[in-house]
Structure formats: C-alpha cells, structure tokens
Amino acid sequence: VRPRPTLDRVAPGAVGESPLTTGAEDFTYYQRQTPGLFLVLGITPKDQVGKAAQNHSPRFFVDERGLATGVRALTRLAADYLFAGAARGATKQ
Amino acid sequence: MGFALRLALVALAAIGFGVHGAPAHGSADGVTASPLATEIDRLAAAIEPEVVAWRHLHEHPELSNREVETAKYIAERLRSFGLEPQTGIARTGVVAVLKGAKPGPVVALRADMDALPVREEVDLPFASKAMGEYDGQKVSVMHACGRDRRWIA
C-alpha cells in the first residue's frame, strides 16, 4: 500500500512525512490488525505558520479553506486503493 | 520540528487498509490514480459550502465518552446519505458500512469526536458556549483539537 502518490496528486508539493512521535494516540492498535495511515491535514494559512495557536489551545482555529483538501485526500485515497486492489484481483483470475 | 508540528496541523483522520480483515501487504500499489479522481475533485468542490456549514459540531462539543448528541448528529447525517449506521459502539461510537457492488478490498476511515475541557477564546459566531463535567467540576468544553472537522471531512 503506497498512499504517498495519491496525496502528492491531491496536494502537489505540500505533502511531507512526519517524524516518528509518541503522542497519546490509540490508532496504532488498529495497525496490529491491518496496515494503516495516520493522516494529518494542515489548517493553518501559510502566513500564520509559526504564529497561530496550536491545537489544544483556547485560541485554536481551523481555517476552513483546508477542509476541501481533506475531503479530496480521504476520498481519493479510498478510490485509488480500491481501484488498484480490484485491478490486481482481476489480473489474478 | 517536523513538517507536521511546524504547521500546527490537526490530525484529520486515520485510515485503515485491509482485505476482508486480513493484512493487505502488496495487494495494491496506489500509484495509479483511479478513473474517479477528476469526478471526486469536482464533487468535493461542489460540497465545500455544505462541509463548511457543518459548524454545528464546533458549536456543540461534548467531552470524551459523552458524545451523545454528537453521535446522534453524525448518525443522522450518515442516514441522510442512505447509509444505515450502527450506534452505541463502545458507548457513543458510530459505524456505517458503504458496500460496493463486488467483493474486493476494504478501506476503513476512522475519526474521533470528543472535545476538550477548554474554554474557547476565539471570536467566532459559532464559538462554543458548551459546559460539561470533568473531574467533578463544571468546565467549559471546546473542540480545541479539530475533531469536529475530522468527522465532516
């Protein structure tokens, strides 16, 4: 499973891989059962990066212009994965 | 600081890949864009105003394990899409299955929906005024982690 090409098509030049961190997330429990991807969506305008309040702050604010990118990313990841899997299945038969 | 931290990003959603519950190692390379890509982008742009309008969840946050009204709202939205959500999963969770016409790989999208005991200080018409109980005390509640926005994406 390679989600990176899909994300690069959705947001060219704006995709990066996060360093390994040990946040308080339980998502890795799912990866004991199945491969997965933890996706982080940027919602801070470029001119506010480094100045805007981080999440968990009382002043945290989501710039809604980022939401459409999130919708496209999740939908296209699912579609690309399913189509690729279907194509591979068809080849096997 | 890494890419994610520098941008003060918010985790949107976590995605699990699998084929009938079994690990999907090498079952799909994902390198090729699906034929739906252009249509997906067009529809995403078309529904953007509706996605933004779901500020209801931001205005009405609930603390962890108490997302009763949030779960109802999400289940209702899923029903409006023609899905049949199961509710009460691990107390307040909501699960819906969108079935394809043929057997094949499975994709799971997962998003959390709990808010934090934080008093919102952002001047917004849809800022939270919600209260909750935390450690036996009355506290303000805010979606300070962006989880209201993960569900709507």
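Residues numbered from 1 in each chain as written. Chains lettered and ligands numbered in written order. Predicted model: local features only at pLDDT ≥ 70, side-chain atom pairs only at ≥ 80, totals over all residues. Heavy atoms only, no water.

### What to know about the overall build of chain B
Turning to step 1, where the next piece is worked out: Per the secondary structure count, chain B includes five helices and six strands.
Turning to step 2, where the next piece is worked out: Put simply, chain B runs from its N terminus to its C terminus through helices and strands in the order α-β-α-α-α-β-β-β-β-β-α.
Turning to step 3, where the next piece is worked out: Looking at chain B as a whole, 46% of its 153 residues qualify as buried. (Helix = DSSP H or I, 4+ residues; strand = E, 2+ residues; numbered from the N terminus. Buried < 20%, exposed > 50% of the residue type's maximum accessible area, 1.4 Å probe, protein only.)

### With respect to the overall build of chain A
Turning to step 1, where the next piece is worked out: Secondary structure summary: chain A contains two helices and one strand in total.
Turning to step 2, where the next piece is worked out: N-terminal to C-terminal, the α/β element order of chain A is α-β-α.
Turning to step 3, where the next piece is worked out: Here chain A has a C-alpha radius of gyration of 16 Å; the compact-globule value for 93 residues is 12 Å, and the former is much larger.
Turning to step 4, where the next piece is worked out: When its C-alpha atoms are laid out on the principal axes, chain A stretches across 55 × 30 × 20 Å.
Turning to step 5, where the next piece is worked out: Expressed as a percentage of the 93 residues in chain A, the buried residues total 37%.
Turning to step 6, where the next piece is worked out: Looking at chain A as shown, the accessible area adds up to about 5700 Å², and 54% of this sits on carbon and sulfur atoms. (Rg over C-alpha atoms; globule rule 2.2 N^0.38 Å. Areas by Shrake-Rupley, 256 points an atom, 1.4 Å probe, with all protein chains shown as cover.)

### Remarks on the pattern of salt bridges
Residues and elements named next belong to chain B.
Turning to step 1, where the next piece is worked out: Applying the stated criterion to the full structure yields 13 salt bridges over all chains.
Turning to step 2, where the next piece is worked out: A salt bridge links Lys72 to Glu69; its shortest N-O distance comes to 3.4 Å. Here Glu69 and Lys72 lie together in helix H4 (residues 68–80), a separation of three residues that amounts to about one turn.
Turning to step 3, where the next piece is worked out: You can call Glu69 partly exposed: its relative accessible area is 48%.
Turning to step 4, where the next piece is worked out: Here Arg79 ties to Glu76 by a salt bridge, and the two come within 3.3 Å at their closest N and O atoms. With a gap of three residues between them, Arg79 and Glu76 both fall in helix H4, about one helical turn apart. (Salt bridge = Lys/Arg side-chain N within 4 Å of Asp/Glu carboxyl O.)

### So, the environment of Glu64 of chain A
Turning to step 1, where the next piece is worked out: Residue position: Glu64 of chain A is located in the loop between strand E1 (36–41) and helix H2 (67–92).
Turning to step 2, where the next piece is worked out: The class for Glu64 of chain A is buried, based on a relative accessible area of 13%.
Turning to step 3, where the next piece is worked out: Glu64 of chain A sits 19 residues away from Pro45 of chain A along the chain, and the two C-alpha atoms are 10.0 Å apart.
Turning to step 4, where the next piece is worked out: What Glu64 of chain A contacts, discounting residues up to four positions off in sequence, is Glu48, Val52, Arg55, Phe126 and Arg149 of chain B.
Turning to step 5, where the next piece is worked out: Side-chain polar atoms of Glu64 of chain A contact the side chain of Arg55 of chain B, separated by 2.6 Å. (Contact = heavy atoms within 4.5 Å. Polar contact = N/O pair within 3.5 Å; in protein donor to acceptor, adjacent residues only side chain to side chain.)

### Considering helix H2 (residues 37–53) of chain B
Turning to step 1, where the next piece is worked out: Over its 17 residues, H2 of chain B runs 24 Å from end to end, which matches the ideal 24 Å to within 8%, given 1.5 Å per residue.
Turning to step 2, where the next piece is worked out: Along its length, H2 of chain B reaches its greatest deviation from straightness, about 50°, at Ile47 of chain B, and the proline Pro49 of chain B lies no more than four positions downstream. (Expected span 1.5 Å × (residues − 1). Bend = angle between axes of the 7 residues up to and from the residue.)

### Examining unusual backbone geometry
All names here are of chain B.
Turning to step 1, where the next piece is worked out: Positive phi is not limited to glycine here, since Asn65 has a value of about 70°.
Turning to step 2, where the next piece is worked out: Inspection of the secondary structure puts Asn65 in the loop between helix H3 (56–59) and H4.
Turning to step 3, where the next piece is worked out: On the accessibility criterion, Asn65 (37% relative accessible area) is partly exposed.
Turning to step 4, where the next piece is worked out: One non-glycine residue with positive phi stands out, namely Ala90, at about 50°.
Turning to step 5, where the next piece is worked out: Inspection of the secondary structure assignment puts Ala90 in the loop between strand E2 (86–89) and strand E3 (93–95).
Turning to step 6, where the next piece is worked out: Relative accessible area serves as the criterion here: at 69%, Ala90 is assigned to the exposed category.

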